[in-house]
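Examining the three-dimensional arrangement
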Amino acid sequence: MKNLITLVFCLFIVQKLHAQYQTVKKTSADGKYSYNIVTGDPTQTRFYTLKNGLQVILHENRNEPKIMTLITTRAGGKNDPSTNTGLAHYLEHLMFKGTGNLGTMDYAKEKIYLNQIDDLYEVYRQTTDQDIRKSIYKQIDSISTLASKIAIPNEYDKAMSAVGSNMTNAFTSFEMTAYMENIPSNNLEKFLNIQDERFTNPVFRLFHTELETVYEEKNISLDNGQSKVFEGMFSGLFSKHPYGTQTILGAVDHLKNPSIKTIRNFYNTYYVPNNMVVILAGDINADETIGLVDKYFGDWKTGNVPKFTFESEVPTTEPKEMYVQTPDAESVAIGFRMPDKNDKEAILADLTSAILYNGKSGLIDKNLVNAQKVLEGYGFNYLLTDYGLIYFGGKALQGQTLKEVRQLILDQIEALKKGEFDESLIQATVNNQKVNKVREQENPMWMAFTLNDLFSTGTPWENYLRDVDNMGKVTKQD
């Protein structure tokens, strides 16, 4: 099936918005730690920075004896070397393979094999002769078998299960790699002890078999229609930035030629405390918890994290079209390049997105979906650190073309630009946003993920708190 993607560049009118919240510094009850808190914040979330630069965000919610935890490094797919794409994601997988003490019966013996595997992969990736490559891979396979007999698979997962976690997982995005656990509050110190070992002494064992897992993920994405459309959208909107020039899962050729040494260098560069955050949301006592985090993570060594740089995109002056072959039903996708998460017009971008589609009363909801003028229609905002985009999607009714669906969606955008909507829709949208934020703040898991997203884009908590209020000041003319 063919999926039509239209890419358009959009500018918003600037409106100056004024802060209603203030960040203030306070000191813990014992006088040992200083932290930031935002006046007027109903959640009273605390933001610490340890001496080694590690950010620690603590949110207390005593509704149940659980703690949602996230340990995140501000390095994701966009930080992959252009010659080794997919590296951040692969490293995420390897961080579950244990340490020198966890996941092995005899690390001294195992390490000899692992070093040999490291070296062989370097030779393998630089060799082009297919017969020689097969011979090298056979050696890797043989030594990996010997190493696997010493390794203890899934021991990290078992350790987390013993702690009581019911959410042992991780994910890699463009901006970050995050590791999550949801633990009973009475096992916080055990959790911190294991994570200290995990992040300071990781061993990239079982590389051979995990590579197959990562490669299979890539294969699945190549057969997934939505993934292919998303990749096409990003490549069309971002011809210079890694958002569009490379993918989080990586290129097939790069996955076929991995380098353990390059992955280890990536870990050494970005997995340092001054580039990381620890988020604990739930049944905690902040004054006690910060002391525990400092006890286990305070001696992590800082590093020199390279500043991410990129070439600016050229403004798009006319629509681009592309067709993507997928196994899914035909659909149309429309994308506009947007400002980044911290741009002064980000609020307008968020409001515009919600007015056009919010699942209930947006222009696309009312005029297209509820009116049954399309089989499917939707849209959402996705603002990142360096740029953003707004994405619209639709499917055709029987006898309808994708270009007709595209035009119907573009007509709703044109209606918004002409002010052909009731101004009360702005306040209704803002009210919905306020309700969503209240619900979000009542849920420790949602709070943890929200705080994590803000960390990845470097967005201040006070901006998050005042955005809805400032959104309510926007007029139809704006």
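Use the structure listed above.
Residues numbered from 1 in each chain as written. Predicted model: local features only at pLDDT ≥ 70, side-chain atom pairs only at ≥ 80, totals over all residues. Heavy atoms only, no water.

The number of helices and strands found in the protein is 17 helices and 13 strands. By its C-alpha atoms, the protein is 70 × 65 × 35 Å across when sized along the principal axes. Taking all 478 residues of the protein together, 52% fall into the buried category. Put simply, 79% of the contacts in the protein that link residues at least 6 apart link residues at least 24 apart. Summing over all exposed atoms, the protein offers an accessible surface of approximately 22100 Å²; the carbon and sulfur share of this is 49%. Taking the 50 positively charged and 59 negatively charged side chains of the protein as two groups, their mean positions are separated by 2 Å. (Helix = DSSP H or I, 4+ residues; strand = E, 2+ residues; numbered from the N terminus. Buried < 20%, exposed > 50% of the residue type's maximum accessible area, 1.4 Å probe, protein only. Contact = heavy atoms within 4.5 Å. Areas by Shrake-Rupley, 256 points an atom, 1.4 Å probe, with all protein chains shown as cover. Lys, Arg positive; Asp, Glu negative; His and termini not counted. Charge placed at Lys NZ, Arg CZ, Asp CG, Glu CD.)

With that settled, consider the environment of Gln-226. Inspection of the secondary structure puts Gln-226 in helix H7 (residues 225-237). A residue is classified by how much of its surface remains accessible, and Gln-226, at 34% relative accessible area, is partly exposed. Put simply, Gln-226 and Ala-333 are 107 residues apart on the chain and 10.0 Å apart in space, counted from C-alpha to C-alpha.

Relative to each other, helix H12 (residues 346-356) and helix H17 (residues 461-471) sit at 65°, their axes nearing to 10 Å. The element H12 and its partner H17 pack so that their crossing is right-handed. Packed against H12, whose contacting residues are Ile-347, Asp-350 and Leu-351, the element H17 presents Asp-467, Asn-470 and Met-471 at the interface. Along the lines of polarity and charge, the residues of the contact of H12 with H17 split into three nonpolar, one polar and two charged. (Axes fitted to C-alpha atoms, helices over the stretch in contact; angles between N-to-C directions. Left-handed = near helix turned anticlockwise from the far one by under 90°. Nonpolar A, V, L, I, M, F, W, Y, C, P; charged D, E, K, R; others polar.)

Taken as a whole, this structure holds 31 aromatic pairs when the rule is applied. Arranged with centres 5.6 Å apart and planes meeting at 75°, the rings of Phe-238 and Tyr-243 form a pair that is edge-to-face. Accessibility assignment for this pair places Phe-238 and Tyr-243 in one class, buried. When the centroid spacing of 6.1 Å and the interplanar angle of 90° are considered together, the rings of Phe-336 and Phe-392 count as edge-to-face. (Phe/Tyr/Trp six-rings, centres within 6.5 Å; stacked < 30°, edge-to-face > 60°.)

Regions of empty space are outlined by a rolling probe, equal in size to a water molecule, passed over the atoms. Counted by the stated rule, this structure contains two cavities of 30 Å³ or more. Of the pockets and cavities examined, the largest cavity occupies roughly 100 Å³. If you go around the largest cavity, the residues you meet are Asn-84, Thr-85, Gly-86, Leu-87, Tyr-90, Leu-211, His-254, Leu-255, Pro-258, Ser-259 and Ile-263. Those elements that place two or more of their residues in the lining of the second largest cavity are H7, strand E11 (331-338) and strand E13 (388-395). Of the residues belonging to the lining of the second largest cavity, the class tally is five nonpolar, four polar and no charged. (1 Å grid on protein atoms, 1.4 Å probe; cavity = no way out; pocket = protein on both sides within 12 Å on 5 of 7 lines; lining within 4 Å. Points joined across faces, edges and corners; volume = space filled by probe spheres on them.)

With that settled, the discussion passes to the environment of Val-123. Tracing the backbone shows Val-123 in helix H2 (residues 107-125). For Val-123, a relative accessible area of 44% corresponds to the partly exposed category. Separated by 225 residues in sequence, Val-123 and Leu-348 place their C-alpha atoms 52 Å apart.

With that settled, the discussion passes to the layout of surface pockets. Reported here for the largest pocket is a volume of approximately 1100 Å³. If you trace the largest pocket, you find 37 residues lining it, with Lys-341, Asp-350, Asn-381, Gln-433 and Glu-440 closest to the centre. Elements with a contribution of two residues or more to the lining of the largest pocket: H12, strand E12 (376-383), helix H15 (424-442), helix H16 (444-457) and H17. At eight residues, H15 tops the list of elements feeding residues into the lining of the largest pocket. Among the residues making up the lining of the largest pocket, the classes are represented as 16 nonpolar, twelve polar and nine charged.

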